[in-house]
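Letter by letter, the chains look like this.
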Amino acid sequence: MQIRLAVISNAGGSGKTTLSVHLAYDLAKRKYNVALLDLDPQGSLTLFCGLNPPEPEQTLAGVLKDQFDGVWPLTPCWSQYTNNVVVCQGGMVLTQTADELVLHKRGAYLLADCLTDYPLAQDVVIFDCPATLGPLPLMALAACTHIIIPVQLEPKSIQGAAHLLEWYYYHCKHLRLNPTPEILGFVPNQYDVRRSTHRQMLAGLPEQLQQMKIRAFPAIRDSAEFVNASGQGLPLHLYRPSHPAKDDFKETTSHIVTLIGKPKTNKKTK
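Residues numbered from 1 in each chain as written. Predicted model: local features only at pLDDT ≥ 70, side-chain atom pairs only at ≥ 80, totals over all residues. Heavy atoms only, no water.

Turning to the pairing of strand S7 (residues 182-189), a few remarks are in order. Buried residues dominate S7, accounting for seven of its eight residues. Bridge count between strand S6 (residues 146-152) and S7: seven bridges; the pairing is parallel. The residue of S7 that forms the bridge with Val151 is Pro188. Crossover connection from S6 via helix H7 (residues 155-174) to parallel S7: handedness right-handed. (Buried < 20%, exposed > 50% of the residue type's maximum accessible area, 1.4 Å probe, protein only. Helix = DSSP H or I, 4+ residues; strand = E, 2+ residues; numbered from the N terminus. Pairing = 2+ DSSP bridges. Right-handed = clockwise from strand over helix to strand, strands pointing away.)

Another point: helix H8 (residues 196-210). With 15 residues, H8 should reach 21 Å at 1.5 Å per residue; the first-to-last C-alpha distance of 22 Å fits that figure. Largest kink in H8: about 30°, centred on Gly204, with the proline Pro206 one to four residues after it. Among all positions of H8, only His198, Leu205 and Leu209 are buried. Contacts made by the buried residues of H8 are with S6, H7 and S7. (Expected span 1.5 Å × (residues − 1). Bend = angle between axes of the 7 residues up to and from the residue. Contact = heavy atoms within 4.5 Å.)

Before going further, it helps to spend a moment on the pattern of salt bridges. In total, this model carries eight salt bridges according to the counting rule given. Salt-bridge contacts for Arg195 lead to Glu154; the nearest nitrogen and oxygen are separated by 3.3 Å. Of the two residues, Arg195 sits in the loop between S7 and H8 while Glu154 sits in the loop between S6 and H7, which places them 41 residues apart along the sequence. Note that Glu225 and Arg240 form a salt bridge whose closest N and O atoms lie 2.2 Å from each other. Separated by 15 residues along the polypeptide, Glu225 in helix H9 (residues 224-231) and Arg240 in the loop between helix H10 (236-239) and helix H11 (250-260) bring together distant segments of the chain. Via salt bridges that share partners, Lys246, Asp247 and Lys250 belong to a single interconnected network. (Salt bridge = Lys/Arg side-chain N within 4 Å of Asp/Glu carboxyl O.)

A few words on the environment of Cys88. Mapped onto the elements, Cys88 comes out in strand S4 (residues 85-88). Classification of Cys88 as buried rests on a relative accessible area of 0%. C-alpha separation for the pair Cys88 and Pro76, spaced 12 residues apart in sequence, amounts to 9.2 Å.

Put simply, the largest pocket is a space of about 560 Å³. As for the largest pocket, its lining consists of 31 residues, of which Gly13, Ser14, Gly15, Lys16 and Thr17 are closest to the centre. If you list the elements that add at least two residues to the lining of the largest pocket, you get helix H1 (16-29), helix H2 (44-48), helix H4 (93-103), helix H6 (135-143) and H9. Each pocket or cavity is described by its volume, and for the second largest pocket that value is around 170 Å³. Taken together, Arg4, Ala142, Ala143, Cys144, Thr145, Arg176, Leu177, Asn178, Pro179, Thr180 and Pro181 make up the lining of the second largest pocket. Across the lining of the second largest pocket, the residue classes break down as six nonpolar, three polar and two charged. (1 Å grid on protein atoms, 1.4 Å probe; cavity = no way out; pocket = protein on both sides within 12 Å on 5 of 7 lines; lining within 4 Å. Points joined across faces, edges and corners; volume = space filled by probe spheres on them. Nonpolar A, V, L, I, M, F, W, Y, C, P; charged D, E, K, R; others polar.)

All right, on to the nonpolar core then. In this structure, Leu37, Leu60, Trp72, Leu111, Phe127 and Ile147 are the most contacted members of the largest nonpolar core, which totals 51 residues. Each residue touching Ile147, except ones within four places of it in the same chain, is listed here: Leu5, Ala6, Ile8, Leu141, Tyr168, Pro181, Glu182, Ile183, Leu184 and Gly185. Grouped together as the second largest cluster of nonpolar side chains are 38 residues, Cys49, Val87, Ile220 and Phe226 included. (Core = buried A, V, L, I, M, F, W, Y, C linked by side-chain atoms within 4.5 Å.)

When the UniProt feature table is mapped onto this chain numbering, "domain: AAA" (unreviewed entry) sits at residues 5-166. Secondary structure content for residues 5-166 is 39% helix and 16% strand, and the end C-alpha separation is 19 Å. (UniProt positions renumbered as here; feature names shortened; annotations may be inferred.)

What follows covers the packing of H6 against H7. At a minimum axis distance of 11 Å, the contact between H6 and H7 shows a crossing angle of 60°. On the basis of their axis angle, the class for H6 and H7 is oblique. Regarding H6 and H7, the two cross each other, and that crossing is right-handed. Across from Pro137, Leu138 and Leu141 in H6, the residues of H7 making contact are Trp167, Tyr168, His171 and Cys172. Counted by class, the contact of H6 with H7 contains six nonpolar, one polar and no charged residues. (Axes fitted to C-alpha atoms, helices over the stretch in contact; angles between N-to-C directions. Parallel < 35°, antiparallel > 145°, perpendicular 65-115°, else oblique. Left-handed = near helix turned anticlockwise from the far one by under 90°.)

Here it is as structure tokens:
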């Protein structure tokens, strides 16, 4: 089955794009084909994937126009290392798109409609959402099969995640999503073992989530090398292959793989 994974958080700096990029590369290494869709007006995937800024019509905003012809503007990334990852870029033009979605008769369902009418062939489609609970994440919710929630180990971020869960349950019911997108789990991010608050919150998070039958994935450690890697447009695997933090994504990737089954295509990863 194709997994459509929405990476959603209503907190800035929670590591949504970092998680999206590293899951995509991890999956590509395992011979799965991945499409990254950037729903963020900041266009973070353009930076993190080392791509040139796109023209407005070559972004996801062009896909969401009523006159979309079915040709997705997909740009290969890290092509020196893999043939398995493409990106549909975002950018500031999505700010206007978000305003238009509010008035569109199919606004919340527009991305799902595009994926139904003009399906993507990839095994996994990852939606990198903005740090809001506005029209763009709502559209991702209606289009996805699963959501994953990166969260910082800070009280404000945990409280924000609780609000996000309320938003999720309300809109799944309000939009009559059937089947309801499954919450894949929470990914604690920017974990600093030297901070007692981080250690305490990480220790207590699985029990809190278990009450709601939600998985807590292993934490992604805090490292300046993630920033350095993104500045070079690379995942950590390629920027610093020996860095241990690259392995923090393995369990999350493995769980996604169990949901997909075997890759649909057999393109070789370089």
